[in-house]
Amino acid sequence: MKIDIVTIFPDFFDVLEVSLIGKALDKNLIDISVHDLREAASDPHRSVDDTPYGGGAGMVMSPEPWGVTLDKVLTKDSVLVVPSPAGRVFTQAQAKELAQKDHLVFACGRYEGIDQRVIDHYSASYTVLELSLGDYVLNGGEVAVVAMLEATLRLVPGVIGNPESLTEESHEEGLVEYPSYTKPRTWRGLDVPEVLLSGHHEQIRQWRHEQSVARTKRMRPDLLPD
Ligand code: JFE
């Protein structure tokens, strides 16, 4: 999979060189290029923003540097992902879809966001996904892209060390995870639930499912059907 990221903070993506994604890069399973939007700025000050038409606080990212950069990076099979607090919420289902693509391009906005015509222009020729990480406001798209990439790339075959942990996750789809325990058997007076020490695999499977359902009801009732 090829990934291009456009940002005014290229250093932000140094974090992708560590852990799981770093190893996938070493194995050439994925190829990530980070592009500095300011290289497409035409003035000596390399400005990429301007005041908003209609007034209001803050600045808006100018369309021209985006046009210059995206025209170079996009190819016929690209999917353009634009993080935005106004986008659809990014989900595990979205991560699974993105993991199937050959080419992802991420456009990281800053300030109050990108001139809407950039999204409108590329939507005529490409799949453009405006995606939110959740219902809170970040200062820009970079943190959202790191999270979306981690969620997506761990689903690309070969990226994750133990693919069994992926199939196990999918068994309990629509529910939150059951609680996990490791040694020691007693810690600060708290015992590991007896059933997990029993060796009765069917009972363990059933207990974990019950825990998932109870936790989902308590923590994430929005995930359960009414
Ligand atoms: C950008 C900003 C105030 C945007 C009207 C680009 N889930 C999520 N939260 N925040 C973002 C995503 C996000 C994504 C891209 C971004 C925030 N900002 C800051 C500030 C209003 C904004 O949009 C700029």
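Residues numbered from 1 in each chain as written. Predicted model: local features only at pLDDT ≥ 70, side-chain atom pairs only at ≥ 80, totals over all residues. Heavy atoms only, no water.

Before going further, it helps to spend a moment on the environment of Tyr111. Position of Tyr111 among the secondary structure elements: in the loop between strand 6 (103-107) and helix 4 (116-123). According to the relative accessible area criterion, Tyr111 is partly exposed, its value standing at 34%. It is 16 Å that separates the C-alpha atoms of Tyr111 and Val145, two residues lying 34 residues apart in sequence. Once residues within four sequence positions are removed from consideration, Tyr111 is found in contact with Ile8, Arg38, Val48, Asp49, Met59, Met61 and Asn139. At a separation of 3.4 Å, a polar atom in the side chain of Tyr111 contacts the side chain of Arg38. (Helix = DSSP H or I, 4+ residues; strand = E, 2+ residues; numbered from the N terminus. Buried < 20%, exposed > 50% of the residue type's maximum accessible area, 1.4 Å probe, protein only. Contact = heavy atoms within 4.5 Å. Polar contact = N/O pair within 3.5 Å; in protein donor to acceptor, adjacent residues only side chain to side chain.)

This part covers the side chain of Glu142. Inspection of the secondary structure puts Glu142 in helix 5 (residues 142-153). Here the side chain of Glu142 touches Arg110 through a polar contact of 2.9 Å, side chain to side chain. Setting aside anything within four residues of it in sequence, one finds Glu142 in contact with Thr7, Ile8, Phe9, Phe12, Phe13, Cys108, Gly109 and Arg110.

Moving on, we get to the confidence of the model for the protein chain. Per-chain confidence: the protein chain averages 96 in pLDDT, with 100% of residues scoring 70 or above. Confidence, expressed as mean pLDDT per element, reaches its minimum in the protein chain at helix 6 (residues 164-171) with 78 and its maximum at strand 6 with 99. (pLDDT = per-residue confidence, 0-100.)

Across the six residues of strand 1 (residues 2-7), five count as buried, placing the element largely inside the fold. With six bridges connecting them, strand 1 and strand 2 (residues 31-36) associate as parallel partners. Across the sheet, the residue bridging to Thr7 is Asp36, located in strand 2. Each parallel crossover has a hand, and for strand 1 linked through helix 1 (residues 19-26) to strand 2 it is right-handed. (Pairing = 2+ DSSP bridges. Right-handed = clockwise from strand over helix to strand, strands pointing away.)

Right, let's talk about the packing of aromatic side chains for a bit. For the structure shown, the criterion picks out two aromatic pairs. With 6.0 Å between their ring centres and 50° between their planes, Phe12 and Phe13 make a pair best called tilted. The class of Phe12 is partly exposed, set by a relative accessible area of 33%. A centroid spacing of 6.2 Å and a plane angle of 45° characterise the contact between Tyr122 and Tyr126, whose relative ring orientation is tilted. Judged by its relative accessible area of 4%, Tyr122 is buried. (Phe/Tyr/Trp six-rings, centres within 6.5 Å; stacked < 30°, edge-to-face > 60°.)

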